[in-house]
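Tertiary structure, described
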Amino acid sequence: MAVATKAKSQTTKQPAKLKPKKISGAEIIYRSLEREGVKYVFGHPGAILLTLLDLFLERSKIKHLLIRHEQCAAHMAEGYARASGTVGVCLTTSGPGATNLITGITDAYMDSIPIVCLTGQVATTMVGNDAFQEADIVGMTRTITKHSYLVQSTDDLAETIQEAFYIARTGRPGPVLVDLPKDVLLGDGLYQIPEKVDLRGYKPTTKGHPRQIQRVAEAIKESKQPLLYVGGGAIHSEAHKEILKLAETAEIPVTYTLLGAGAFPSAHELSLGMLGMHGTAYANYATMECDLLIAVGARFDDRVTGKVSEFATRAKIIHIDIDPTAIGKNKAADIPVVGDARQVLAEVNKLVKPQKRALWKKRFQNLRAEYPLSFDSPEGAPIKPQEAIVALSEEVGDKAVITTEVGQHQMWAAQFYNFTFPRQFISSGGLGTMGFGFPAAIGAALARPDKLAIDIAGDGSFQMVMQEIATAVQYDIPVKVFLLNNATLGMVRQWQDLFMDRRFSEVDFDSSPDYVKLAEAFGASGRRIVDKEEIRPAIQEMINTPGPYILDVIVDPDELVFPMVPAGGATKDMIVRDSRKKVLQGKLSALPDN
Amino acid sequence: MRQVYSILVNNHAGVLSHVAGLFTRRGYNIESIAAGPTEDATITRIVIVAFGEENELDQIAKQLRKLYDVREVEQISYNQAVTRELVLATIKAPISQRSEVIQLANAFGAQVINMTDDTVTLEASGNDHKVRTLLKAFEGYGISQMARTGMISLPYDGMPEDWEPIA
Ligand SMILES: Cc1ncc(C[n+]2csc(CCOP(=O)(O)OP(=O)(O)O)c2C)c(N)n1
Ligand SMILES: [Mg+2]
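What you see is a predicted model, and the numbers here were worked out from it, not measured in a lab. (Residues numbered from 1 in each chain as written. Chains lettered and ligands numbered in written order. Predicted model: local features only at pLDDT ≥ 70, side-chain atom pairs only at ≥ 80, totals over all residues. Heavy atoms only, no water.)

**Things to note about the overall build of chain B**
Quick reminder of the rule: Each helix is a run of H or I in the DSSP string that is no shorter than four residues. Each strand is a run of E no shorter than two, and both are numbered from the N terminus. Burial classes: relative accessible area under 20% of the type maximum marks a residue as buried, over 50% as exposed, and values in between as partly exposed (1.4 Å probe, protein chains only). Throughout, a residue-residue contact means that at least one pair of heavy atoms, one from each residue, lies within 4.5 Å. Accessibility throughout is a Shrake-Rupley quantity obtained with a 1.4 Å probe, and a residue counts as covered only by protein chains that appear here. Counted charges follow a simple rule, with Lys and Arg positive, Asp and Glu negative, and His plus the chain ends left uncounted. Where a charge lies is defined by one atom per residue type: Lys uses NZ, Arg uses CZ, Asp uses CG and Glu uses CD.
Per the secondary structure count, chain B includes four helices and nine strands. Each helix (α) and strand (β) of chain B, taken in turn from the N terminus, gives the series β-α-β-β-α-β-β-α-β-β-α-β-β. Dimensions along the principal axes, computed over C-alpha positions, put chain B at roughly 55 × 40 × 35 Å. Taking all 167 residues of chain B together, 40% fall into the buried category. For chain B, long-range pairs separated by at least 24 residues make up 74% of all intrachain contacts whose partners lie at least 6 apart in sequence. About 9500 Å² of surface is accessible on chain B, with carbon and sulfur atoms providing 51% of the total. Each charge class in chain B was averaged separately, 15 positive and 21 negative side chains, and the resulting centres sit 4 Å apart.

Below you can see the structure in the form of structure tokens.
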């Protein structure tokens, strides 16, 4: 009784409630994106999207860019997300528009990149009928997204989009797809969202368990030869400051994965550079010698470990990851810690006391001196791709955000560019998608207008996506393509060189475009260089020329990437240098006694 | 090792195929799968029995927990749960053997649900062991048709974690 009167008196106090107003599905989407702070939408239109596209004509809060191919729209959203740390968004029509996204979505899934893909769909009444341009994109993307939604009613739109962004950016980030049937877009509905997203089955753990954190600190204290192994998760969680602090306080050398590059300054005295198949010899040897391996946001990928049963066999393993499924998947962890890398390391740092490890330090410094990254550049020889990257690094350094395609050039970029800040290096790791780097650079250029976006490209990869020069020109995005042109699919050719008796089948381009004319045909500019002396002046010209630019660097097609741990081999089988010059295979100077 | 997963999922379209997909992608054969409503209409319980290496089975449970529509995953060892399966079986039973078959059925608490001149169709339920023994018992007569639901399961309430059955 008392309750009833109370409720009544409350309602009389309030002003007469307005009936909530229904708005169009398109309007709900626009407002939802605005609410999420979206600045750019990378899209390609189709008839289903007309009412939504119409809103971009007169409003300016969100800019829609017309991308020439949907796969690139997804990569641009990824590039934007990887460079900014916020969610990237793409918008395509049903059927082929949606299926063209699939490579980009998979790429984002493999590398844990937060993007939200909005796709048009045929009307709910037609779904399942093989209607014109119908594709079951929700079914197709089920194993490559964190979640895929088919929105059933306009009233559900706002909440679904809010959830999609929440899922994409929290926990281990990743892509989310929202499929939008035509009638849901055209219909009217309520813009209704809960104050806070609360999903019963989805509650990522961010805080590490105090007992585990204690154990981590103890293990570091007891260790004589610890090694930090830092992956992409360290970048996502912005753990770089905590990593630097831990490394310096406890004198722990740091090696990083392809996706972890930038999480620790490459030139720091404790940096061992990248590890893995094409990692530095000293980083790989350090994994064999360390007695404690501290994995931070890394997943013991096969390109890192080689034969996993022989990886870091002397070491106790600490594995810090926000995704419990990453822990123990490939390598058993002695001390698993589920949580956000930055939060966990901040707690660890509270417990770690300054420590000196003179012997270990001397050891990895010696390894670094004994097996440096190297290449020969005889006078009169063609430009070596490595020296072009060294020159680029010295000329632009921390003024640039670097993306890459996939192949030899990608590995050389990771090896020879001097990275100084997180999100400076953007590359397709897990999926290894040729054609990723150029669109990703366009996305990165929009995310970081204060930096120069440069795609260190291979000619094979670039040919997969070169139509996007049109996009860069249309929106005057000053993206630069540093094309290491060996007129071949260099990385595949390298495997044929090493493992197929130099039988080069189906890798050489007997016909390649004239990349300078190509740039000009699109309204961009470019230059070709063949001599070493031209490298630096040409880089300066590239930087100083406004707008998109292609620098076509003609390089030696016979150059191979070393070191190399053959696929499936153990770290000790690493080939350190080009055997045609000097063999240094598995010749490891005596391991020190602990 | 044999593992029973009891999985609570949102009652949404496509969830069952998503869950099953996690097993098939790793090449595991699902021995049985049973799905049905729970006390809460928005939630479905899926019970899956699968074989595999222990660490792989754990990994699947972790992966399942990651799915948006999965609310809870319990890995139940056989001893810690009530498990039941329903079987329908048509036994070859000419009139001369009919009473013998029915007697045997009674011993297992099975119901006769159909009868022809030369067959008897039975309905039986029980745990894994009982169902197996029952089928074995009728094997000699010849089983001409059979359908099994797959195991459904609920954990025992109030079972201490370290409980072990007497061997
Ligand atoms: C989409 C796609 N197709 C095929 C491959 C296999 N693949 C890996 S590297 C490579 C060659 C890349 O050539 P290029 O871009 O010219 O780089 P380079 O190795 O010559 O530096 C190929 C074909 C791939 N990674 N991605
Ligand atoms: Mg090439």
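**Observations regarding the packing of helix α10 (residues 210-222) of chain A against helix α15 (residues 341-351) of chain A**
Residues and elements named next belong to chain A. Note the following rule: Only the stretch in contact is used when a helix axis is fitted, and all axes are lines through C-alpha atoms; the angle between N-to-C directions ranges over 0 to 180 degrees. Reported orientations rely on four angle classes, namely roughly parallel under 35 degrees, roughly antiparallel over 145, roughly perpendicular from 65 to 115, and oblique for the rest. The sense of a crossing depends on the near helix, which, turned anticlockwise from the far helix by less than a right angle, makes the crossing left-handed and, turned clockwise, makes it right-handed. For this scheme, ten residues count as nonpolar: Ala, Val, Leu, Ile, Met, Phe, Trp, Tyr, Cys and Pro. Four count as charged, namely Asp, Glu, Lys and Arg, and the remainder, Gly too, count as polar.
Taken N-terminus to C-terminus, the directions of α10 and α15 make an angle of 55 degrees; their axes are 9 Å apart at the nearest point. Between α10 and α15, the angle is such that the two are oblique. Crossing hand, α10 versus α15: right-handed. When α10 is examined against α15, the residues Ile213, Gln214, Val216, Ala217 and Ile220 are found in contact with a partner set consisting of Val344, Glu347, Val348 and Leu351. Across the contact of α10 with α15, the residue classes break down as seven nonpolar, one polar and one charged.

**Some details on the pattern of salt bridges**
A side chain with one charge can pair with a side chain of the opposite charge if their charged atoms come near. All names here are of chain A. How we decide: Here, a salt bridge means any side-chain nitrogen of Lys or Arg that lies within 4 Å of a carboxyl oxygen of Asp or Glu.
Using the criterion set out here, one finds 40 salt bridges over all chains in the structure. As a salt-bridge pair, Arg423 and Glu238 come within 3.2 Å of each other at their nearest N and O atoms. Here Glu238 lies in the loop between α11 (232-236) and α12 (240-250) and Arg423 lies in the loop between α18 (408-416) and β16 (425-426), a separation of 185 residues in the sequence. According to the relative accessible area criterion, Arg423 is buried, its value standing at 9%. The salt bridge partner of Lys307 is Glu310, with a shortest N-O separation of 3.3 Å. We classify Lys307 as partly exposed; its relative accessible area is 39%.

**With respect to the domain arrangement of chain B**
Residue and element names in this part refer to chain B. How we decide: A domain assignment, automatic or from a database, supplies the domain bounds used here. Accessible area that two parts lose when put together, evaluated with a 1.4 Å probe and summed over both, is termed the buried area. As used in this structure description, the phrase polar contact means that two N or O atoms lie within 3.5 Å; if the pair is within protein, one of them must be able to donate a hydrogen and the other to accept it, and residues adjacent in sequence are counted only when both atoms belong to side chains.
As far as domains go, chain B holds domain 1 (2-76) and domain 2 (82-152). The C-alpha centroid of domain 2 is placed 29 Å from the C-alpha centroid of domain 1. Contacts between the two partners involve seven residues from domain 1, matched on the other side by five residues from domain 2. Roughly 440 Å² of surface becomes buried between domain 1 and domain 2 when both sides are summed, with 61% attributable to carbon and sulfur atoms. Three residues stand out in domain 1 for area buried against domain 2, namely Arg2, Ala34 and Val47, and they jointly supply 60% of the buried area on that side. The salt bridge involving Arg2 is made with Asp128; its shortest N-O contact spans 3.3 Å. Between domain 1 and domain 2 we count two residue pairs in polar contact (both at pLDDT 80 or more) in total. With three residues, the top contributor of residues to the side of domain 1 that touches domain 2 is strand β2 (residues 30-37). In terms of residue class, the side of domain 1 that touches domain 2 is made up of five nonpolar, one polar and one charged.

**What to know about the sheet that holds strand β7 (residues 176-181) of chain A**
All names here are of chain A. Quick reminder of the rule: By this definition, two strands are paired if DSSP reports at least two bridges between them.
Read across the open sheet, the six strands follow the order β3-β2-β4-β5-β7-β6; overall the sheet is parallel. The open sheet has two free edges, formed respectively by β3 (63-66) and β6 (147-150), since each of these has just one partner strand. Between one strand and the next, the sheet's axes are offset by a mean angle of 20 degrees, whatever the strand orientation. For strand β4 (residues 88-92) and strand β5 (residues 115-121), the ladder comprises five bridges, and the chain directions are parallel. Counted as the bridge partner of Gly88 is Ile115 from β5. Contacts from helix α3 (residues 50-58) reach β2 (40-44), β3 and β4, with the element oriented near 125 degrees to β4. Where helix α8 (residues 157-169) meets the sheet, its contacts fall on β4, β5, β6 and β7, and the angle it forms with β7 comes to roughly 165 degrees.

**Looking at the interface of chain B and chain A**
Listed by partner, the interface residues are 14 residues for chain B and 15 residues for chain A. Of the roughly 1300 Å² buried between chain B and chain A on both sides combined, carbon and sulfur atoms contribute 49%. At the junction of chain B with chain A, the criterion picks out one salt bridge. Between Asp323 of chain A and Lys66 of chain B there is a salt bridge, with the nearest N and O atoms lying 2.7 Å from each other. Applying the counting criterion to the chain B and chain A interface returns seven residue pairs in polar contact (both at pLDDT 80 or more). Of all the elements in the fold, those that place two or more residues in the side of chain B that touches chain A are α1 (15-25), α2 (54-66) and β4 (70-76) of chain B. Top element by residues in the side of chain B that touches chain A is α2 of chain B. It accounts for five residues. When its residues are assigned to classes, the side of chain B that touches chain A shows four nonpolar, five polar and five charged.

**Quick word on the nonpolar core**
Residues and elements named next belong to chain A. To keep it simple, the criterion reads: Working definition of a nonpolar core: buried Ala, Val, Leu, Ile, Met, Phe, Trp, Tyr and Cys residues. They are joined through side-chain atoms within 4.5 Å.
Formed by 94 residues in total, the largest nonpolar core has its most connected members in Ile220, Leu228, Leu293, Leu392 and Phe482. At six residues, the largest contribution of residues to this core is made by helix α13 (residues 281-289). A domain-level breakdown of this core finds at least three residues from each of domain 2 (210-370) and domain 3 (385-554). Leaving out residues up to four positions away in the same chain, Phe482 has contacts with Ala388, Ile389, Leu392, Ile454, Asp455, Ile456, Ala457, Ile539, Met542, Leu551 and Val553. Ala73, Ile105, Val465 and Leu518 belong to the second largest nonpolar core, which has 51 residues in total.

**Quick word on the packing of helix α4 (residues 70-84) of chain A against helix α6 (residues 102-110) of chain A**
All names here are of chain A. Packing of α4 against α6 leaves a shortest axis separation of 7 Å and a crossing angle of 25 degrees. Here α4 lies roughly parallel to α6, going by the angle between them. The segment α4 lies against α6, with Gln71, Ala74, His75, Glu78 and Arg82 engaging Thr103, Gly104, Ile105, Asp107 and Ala108. Across the contact of α4 with α6, the residue classes break down as three nonpolar, four polar and three charged.

**Some points on empty space enclosed by the protein**
All names here are of chain A. Which entries qualify depends on this criterion: Cavities and pockets were defined on a 1 Å grid built over protein atoms only: a cavity is a set of grid points that admits a 1.4 Å probe from which the probe cannot escape, a pocket is an open set flanked by protein on both sides within 12 Å along at least five of seven lines, and lining residues are those with an atom within 4 Å of any such point. Grid points are joined across faces, edges and corners, and a volume is the space filled by probe spheres set on the points.
Using the criterion set out here, one finds four cavities of 30 Å³ or more in the structure. Each pocket or cavity is described by its volume, and for the largest cavity that value is around 110 Å³. Lining the largest cavity are Arg82, Asp111, Ile113, Gly232, Ile235, His236, Leu259, Arg423, Phe425, Ile426 and Ser427. Broken down by secondary-structure element, the contributors of at least two residues to the lining of the largest cavity are α11 and β16. Of the residues forming the lining of the largest cavity, the biggest block, three residues, is contributed by α11.

**Considering the sheet that holds strand β9 (residues 226-230) of chain A**
All names here are of chain A. Across the sheet, which stays open at both edges, the six strands sit in the order β11-β10-β9-β12-β13-β14 with parallel pairing between neighbours. Of all strands in the sheet, those bounded by a partner on one side alone are β11 (271-274) and β14 (335-338). The mean inter-strand angle of the sheet, taken between neighbouring strand axes irrespective of direction, is 15 degrees. With four bridges connecting them, strand β13 (residues 316-321) and β14 associate as parallel partners. Each residue of the ladder has a partner; that of Asp321, found in β14, is Val338. Against the sheet, α13 makes contact with β9, β10 (254-256) and β11, and its axis sits at roughly 105 degrees relative to β11, the strand it touches most.

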